[in-house]
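Below, each chain spelled out in residue letters.
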Amino acid sequence: MSKTQLESTSFPGEDCKQQMVMDGERDQESTESNESSPREEIDIAQEILSVIESVARLGDYRRSHKKECYGLVRRMKLLLPFLEEIKDFYGTISDVGIASLSSLKKALVLAKKLLTTCNEGSKIYLVVESEAVMMRFHNVLDKLWKALEAVPFDEFEISDEVKEQVELMKVQLRRAKRRTDTQDIELAMDMMVVLTKKDDRNADRAIIERLAKKLELISVEDLEIETVAMRNLVRERGNQVTESTQQMIDLLNKFKQVVGMEVTDVLDDPVVPKMLKKSPSLIIPHEFLCPITLEIMTDPVIVASGQTYERESIRKWIDSNHRTCPKTREILAHLSLAPNYALKNLILQWCENNNFELPKKHFPASSDPGTTSEHQEKVSSLVKDLSSSQLEVQRKAVKKIRLLSKENPENRILIANNGGIPPIVQLLSYPDSKILEHAVTALLNLSIDENNKSLITKEGAVPAIIGVLNSGTTEARENSAAALFSLSMLDENKVTVGLSDGIPPLVDLLQNGTVRGKKDAATALFNLSLNHSNKGRAIDAGIVTPLLHLVEDRSLGMVDEALSIFLLLASHPEGRNEIGRLSFIETLVELMKDGTPKNKECATSVLLELGSTNSSFMLAALQFGVYENLVEISKSGTNRAQRKANSLLQLMSKAEHI
């Protein structure tokens, strides 16, 4: 991947990627010595064998880079016969031979470091800085290829069979080092929404949960391990919290909120409970620890699934509108909690026998019964003020509810349970611009809760939100678009938005809005266009023109988002006719030539979708020189891009004979 390609990608953290790779090289090279003993080649061969053997014991790898890891390990193992022959060789070795083995060792140690990162490193880091990780893979493959290229096989008297095996490996390395891979389009869109800069709104809960599942960070144990990995990552970077690092920490905290964990300072607070540090030699029985907090239980209770939790922890989980068992993920038949007296007695007996003092119960302000009651009264009063006859009272009330609904899941549930959603929806018909802005943003925040999505929809909020999208302030329009995106997670709302003429104002925001507004509109339109009828509506609303602008103006950083929508529209007959113009075909060909790997993948996918039903698109692309681009992508593009490119080449071959 070229430096230009790296700098044009849209993922965060690009500013440190080149430096990170260079630092990895310097760290490794600084530990090596240029001095050699008469039999150093034998020692180096044994050291290389040890590196490969240690790599073989690493086990599984993170899902995001599993394919690359196993490919690298497989190639490292192919070197074993070659190294065994080196060990058995007792002739005179030149300086060139020793230097080549030393270079090979450096490359393999660098490979081991990368594989270790993919084995036990932060899952979030591996995805957020995926391009940087892929650069590290390319760097390792390139060093391996160069090291093997310099090996004097004849001098080492390597057998023909082993020499052929290594030569084949060199050919594979030369091909593999030019390839890269990217996340799927859905993951890229989700990351864009969650990591959008200068956006203080809560990302939709459904997106965060989907990301957590893809990254396999859906259990308390997974998140505790990820917290340790994140802390280690920060330490490796000299305890410097860059913008990219802070984004990763924020995303980790969002995942913790989803599973009901308490959000703590990742950098300062220990993952292991403080009470365990008082008695480091004492091992607390695993069954005494709450599966949610991993702390010893003082008030264990049994839920419907038969699992036991600390009462305070499971109550917080249930109050956050969860209806599943955190450990088994099965839906709870009921929400009753039964005290586990038998386990509690065992815990008390164990504590007495081991002179272990149970932690004293402490309740945060929001959990104190008196404070909770006071808070409920406050929310109830605010909900009543929403229907006040005085405009200023209504304005203050909806503003406070907007702020409360942003704070935490408990407030969103509390506001809904106190009947807050109907009066907020009614406020959307008011002529006061500030009330409209606060009301639509409050609904955006409340819609993060899955149950609230349905409640908001039942109150007829969608047409009212579209009204604000048409005539509200800039911020109100942006938040209306985000609210429609959130609500359209429910399939029935995709239809409702389309039938309520919600797509034209979204297209207008896509064309004339701020950068944030364009991104809000793009995510909403992408989600809505998953419905077939909405594709035609988007075409009729003139979506092609602003999408073309986003593709052509790469400074906006929304090329992939625009191409993702184009890919959906290309499956619709009207969409194919509208976007299959010569200027767009030429733009696709240009992106396939000099775009980022993701640009090339998306552009190739769009052209394949167009050409699958109309060979004239293929012939037009050939006139713009697409053939050479496709050949290059088929050799060095992402795996998906290679498949699409090969399919396109076959289609073009048929088209030329028509």
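What counts, and at which threshold
- Residues numbered from 1 in each chain as written.
- Predicted model: local features only at pLDDT ≥ 70, side-chain atom pairs only at ≥ 80, totals over all residues.
- Heavy atoms only, no water.
- UniProt positions renumbered as here; feature names shortened; annotations may be inferred.
- Helix = DSSP H or I, 4+ residues; strand = E, 2+ residues; numbered from the N terminus.
- Buried < 20%, exposed > 50% of the residue type's maximum accessible area, 1.4 Å probe, protein only.
- Areas by Shrake-Rupley, 256 points an atom, 1.4 Å probe, with all protein chains shown as cover.
- Arc of directions from axis to C-beta.
- Phe/Tyr/Trp six-rings, centres within 6.5 Å; stacked < 30°, edge-to-face > 60°.
- Core = buried A, V, L, I, M, F, W, Y, C linked by side-chain atoms within 4.5 Å.
- Contact = heavy atoms within 4.5 Å.
- Pairing = 2+ DSSP bridges.
- Axes fitted to C-alpha atoms, helices over the stretch in contact; angles between N-to-C directions.
- Salt bridge = Lys/Arg side-chain N within 4 Å of Asp/Glu carboxyl O.
- pLDDT = per-residue confidence, 0-100.

- The chain goes by RING-type E3 ubiquitin transferase in an unreviewed UniProt entry, where it is assigned to Populus alba x Populus x berolinensis.
- Its UniProt record gives the chain the following Function (unreviewed entry) comment, quoted word for word: "Functions as an E3 ubiquitin ligase."
- Regarding the chain, the UniProt comment filed under Catalytic activity (unreviewed entry) reads as follows: "S-ubiquitinyl-[E2 ubiquitin-conjugating enzyme]-L-cysteine + [acceptor protein]-L-lysine = [E2 ubiquitin-conjugating enzyme]-L-cysteine + N(6)-ubiquitinyl-[acceptor protein]-L-lysine."

**As for the overall build of the chain**
Right, on to step 1. The helix and strand tally for the chain stands at 37 helices and three strands.
Right, on to step 2. Per-residue burial over the chain gives 52% buried out of 658 residues.
Right, on to step 3. Of the roughly 30100 Å² of accessible surface on the chain, a fraction of 49% belongs to carbon and sulfur atoms.

**Let's talk about helix H35 (residues 615-623)**
Right, on to step 1. Among all positions in H35, only Phe 617, Met 618, Ala 620 and Ala 621 are buried. All buried residues of H35 fall inside an arc of 165 degrees around its axis, so they share one side.
Right, on to step 2. Of the residues flanking the end of H35, it is Gly 625, one or two places downstream, whose phi is positive at about 85 degrees.

**What to know about the packing of aromatic side chains**
Right, on to step 1. Using the criterion set out here, one finds four aromatic pairs in the structure.
Right, on to step 2. For the ring pair Phe 288 and Trp 350, a centre distance of 5.9 Å and an interplane angle of 75 degrees mean the geometry is edge-to-face. With Phe 288 in the loop between helix H15 (274-278) and strand S1 (300-302) and Trp 350 in helix H17 (residues 341-353), this residue pair connects regions lying 62 residues apart in the sequence.

**Regarding the nonpolar core**
Right, on to step 1. The biggest cluster of nonpolar side chains holds 186 residues, and the ones touching the most others in it are Phe 82, Ile 124, Phe 255, Ile 543, Phe 566 and Leu 607.
Right, on to step 2. Ranked by residue count, the leading element in this core is helix H6 (residues 95-120), at 11 residues.
Right, on to step 3. In this view, Leu 607 contacts Ile 585, Leu 588, Met 592, Phe 617, Met 618, Ala 621, Val 626, Leu 648 and Met 652; residues no more than four positions away in its chain are not counted.

**With respect to the sheet that holds strand S3 (residues 338-339)**
Right, on to step 1. Reading across from one edge, S2-S1-S3 is the order of the three strands in this open sheet, with antiparallel pairing throughout. Two strands in the sheet have a free side with no partner beyond their single neighbour: strand S2 (308-310) and S3.
Right, on to step 2. Across three bridges, the pairing between S1 and S2 is antiparallel. Bridge assignment links Pro 300 to a residue of S2, and that residue is Glu 310.
Right, on to step 3. With respect to the sheet, helix H16 (residues 311-319) is in contact with S1, S2 and S3, its orientation differing from that of S2 by roughly 95 degrees.

**So, the pattern of salt bridges**
Side-chain pairs of opposite charge can arise whenever the charged atoms involved come near each other.
Right, on to step 1. Counted according to the given criterion, the structure contains 15 salt bridges.
Right, on to step 2. Glu 47 is the salt-bridge partner of Lys 105, the closest N and O atoms lying 2.6 Å from each other. Here Lys 105 is found in helix H6, whereas its partner Glu 47 is found in helix H3 (residues 40-56), with 58 residues between them in sequence.
Right, on to step 3. Overall, the relative accessible area of 18% leaves Lys 105 in the buried class.
Right, on to step 4. A salt bridge links Asp 491 to Lys 494; the nearest nitrogen and oxygen atoms lie 3.1 Å apart. Here Asp 491 and its partner Lys 494 are both found in helix H26 (residues 491-499), three residues apart, which amounts to about one turn of the helix.

**Structural notes on the confidence of the model for the chain**
Right, on to step 1. When the pLDDT values of the chain are averaged, the result is 79; 83% of them are 70 or greater.
Right, on to step 2. Averaged pLDDT values over the elements of the chain bottom out at 29 in helix H1 (residues 3-7) and peak at 95 in helix H27 (residues 503-512).
Right, on to step 3. Taken as a whole, residues 1-39 scores under 50 in pLDDT and shows 72 contacts with residues more than four places along the chain or in a different chain.
Right, on to step 4. Below a pLDDT of 50 lies the segment residues 362-371, which in the model reaches seven contacts outside its immediate sequence neighbourhood of four places, other chains included.

**Here's the deal with helix H23 (residues 450-458)**
Every α-helix winds through 3.6 residues per turn, so residues three or four apart in the chain are directed the same way.
Right, on to step 1. Buried within H23 we find Asn 452, Lys 453 and Ile 456. An end-on view of H23 places all buried positions within 110 degrees of arc, on one side of the element.
Right, on to step 2. Contacts from the buried residues of H23 go to helix H20 (409-417), helix H21 (421-427), helix H22 (433-446), helix H24 (461-471) and helix H25 (474-487).
Right, on to step 3. Within two residues after H23, Gly 460 carries a phi angle of roughly 75 degrees, on the positive side.

**Section: the environment of Val 55**
Right, on to step 1. Examined against the element boundaries, Val 55 turns out to sit in helix H3.
Right, on to step 2. According to the relative accessible area criterion, Val 55 is buried, its value standing at 2%.
Right, on to step 3. Considered as a pair, Val 55 and Val 109 are 54 residues apart in the sequence and their alpha carbons are 9.6 Å apart.
Right, on to step 4. Contacts of Val 55, omitting those with residues within four sequence positions, involve Tyr 61, Val 73, Met 76, Lys 112 and Leu 115.

**As for the environment of Ala 111**
Right, on to step 1. Residue position: Ala 111 is located in helix H6.
Right, on to step 2. By relative accessible area, Ala 111 is classed as buried at 0%.
Right, on to step 3. On a C-alpha basis, the gap between Ala 111 and Phe 137 in space is 7.8 Å, while along the polypeptide they are 26 residues apart.
Right, on to step 4. Residues in contact with Ala 111, not counting those within four places in the same chain, are Leu 72, Met 76 and Val 140.

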